[in-house]
Amino acid sequence: MYKTVLLFTSAFMAIKASSQSRAFEKYEQVIPGSSIKFEMVPVKAGSFMMGSKNAKQADEMPERSVQLSAFWMGAKEVTHDEFALYLNDETYAENSDVDAISRPSRPYIEMTLGMGKEGGFPANSMKQRGAIMYCKWLYEKTGVFYRLPTEAEWEYACKAGSTTVYPFGNDSAQLKDYAWYAANSGDRYHKVGQKKPNAWGLYDMLGNVQEWVLDQYDAGTYKEQQKNSVDPVLVPTNKHPLVVRGGDYNDAADMLRSANREQSDLIWNRRDPQIPKSKWWNADAPFVGFRLVCPLKQPGKEEAEQFFEKYLNL
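Scope of this entry: the structure provided in the associated data block. (Residues numbered from 1 in each chain as written. Predicted model: local features only at pLDDT ≥ 70, side-chain atom pairs only at ≥ 80, totals over all residues. Heavy atoms only, no water.)

### Comments concerning the side chain of N198
- Along the polypeptide, N198 turns up in the loop between α5 (151-159) and β6 (210-216).
- A distance of 2.9 Å separates the side chain of N198 from the backbone oxygen of A157, its partner in a polar contact.
- In this view, N198 contacts A157, C158, A160, P167 and M205; residues no more than four positions away in its chain are not counted. (Helix = DSSP H or I, 4+ residues; strand = E, 2+ residues; numbered from the N terminus. Polar contact = N/O pair within 3.5 Å; in protein donor to acceptor, adjacent residues only side chain to side chain. Contact = heavy atoms within 4.5 Å.)

### With respect to unusual backbone geometry
- The step from M61 to P62 runs through a cis peptide bond, and the omega angle for that step is 0°.
- Mapped onto the elements of the fold, P62 is located in the loop between β3 (46-50) and β4 (64-68).
- The linkage connecting H240 with the following residue, P241, adopts the cis geometry, with an omega of -10°.
- For L113, which is not a glycine, the phi torsion comes out positive at approximately 55°.

### Notes on the sheet that holds strand β8 (residues 262-263)
- In spatial order, the strands read β8-β7-β6-β9; together these four strands make up an open sheet with mixed pairing. Single-partner strands in this sheet number two, and they are β8 and β9 (288-289).
- Two strands pair when backbone bridges link them, and β6 and β9 are joined in this way by two bridges, in the parallel orientation. When the sheet's bridge partners are listed, Q210 is paired in β9 with V288. (Pairing = 2+ DSSP bridges.)

### Notes on the side chain of R291
- As for its position among the elements, R291 is in the loop between β9 and β10 (293-295).
- At 3.0 Å, the side chain of R291 and the backbone oxygen of G74 are in polar contact.

### A word on the packing of helix α4 (residues 128-142) against helix α7 (residues 301-312)
- As a packed pair, α4 and α7 sit with axes 10 Å apart at the nearest point and diverge in direction by 160°. Taken together, the axes of α4 and α7 are roughly antiparallel relative to one another. Relative to α7, the crossing made by α4 is left-handed. Facing α4, whose interface residues are Q128, R129, I132, M133, C135, K136 and Y139, α7 presents K301, A304, F308, Y311 and L312. (Axes fitted to C-alpha atoms, helices over the stretch in contact; angles between N-to-C directions. Parallel < 35°, antiparallel > 145°, perpendicular 65-115°, else oblique. Left-handed = near helix turned anticlockwise from the far one by under 90°.)

Structure, rendered in structure tokens:
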């Protein structure tokens, strides 16, 4: 037993050292124990104008300059194929000391509603907790610290240097080339990466499924954070509401604007028959998923553990 733990620790540290020295360029991450991999795209440090000065929604104002550190972002939304490795890892609950149940309970209904699972469809219907626990599982598997993006990181990556309504310009007629939304989705999500990427090589930032970010939702966040312009994040103190970004396959073009903010809603889980309701799944939110971020500056083991403890003990 001691030898097994020692070998595991040595392998983990080797992976960790490798992740710290990785060149800041596009890379593929293979999930250990499988042939499944995903692509991470480098997003350079920089500043941008967050929000919208001509916003239709008050929670997008005031527009202000935000400075962000460098990170990698998943080129595509996390897929069912990737998330299923975590969901089906029967050894994880036994090896984790986070809580008694470290993997999601089995969904009590078919969360995809027949829209598709294997072969590249986006993982969906999980609560923010489920998305963050996947990140923790992936960190323990790979030695690389993955997390959800902050709201600022998400918008910075979505805009990809643009100052227009959409990453590609102001004409919503072009949206069909970049996103699955109400006008072309057929009332369902689609396999990731089928539309054009934005200028930084990121697919489906708009439409398909909405994406969890780390922040608590607060309509007045931008006004309150005007002096906190470096790597801002509103760390949640409550489970609701939280922020989702990007719009989804059921949304109209206006909801897919780069600056648009949306908040989680308790009605996303109104059909859950459990008492108390599931902390893992949203039975009525097949339109919600997530994508990964990997900070260029990787946290140490203690800092990473503190991060996960903070977000998982809401």
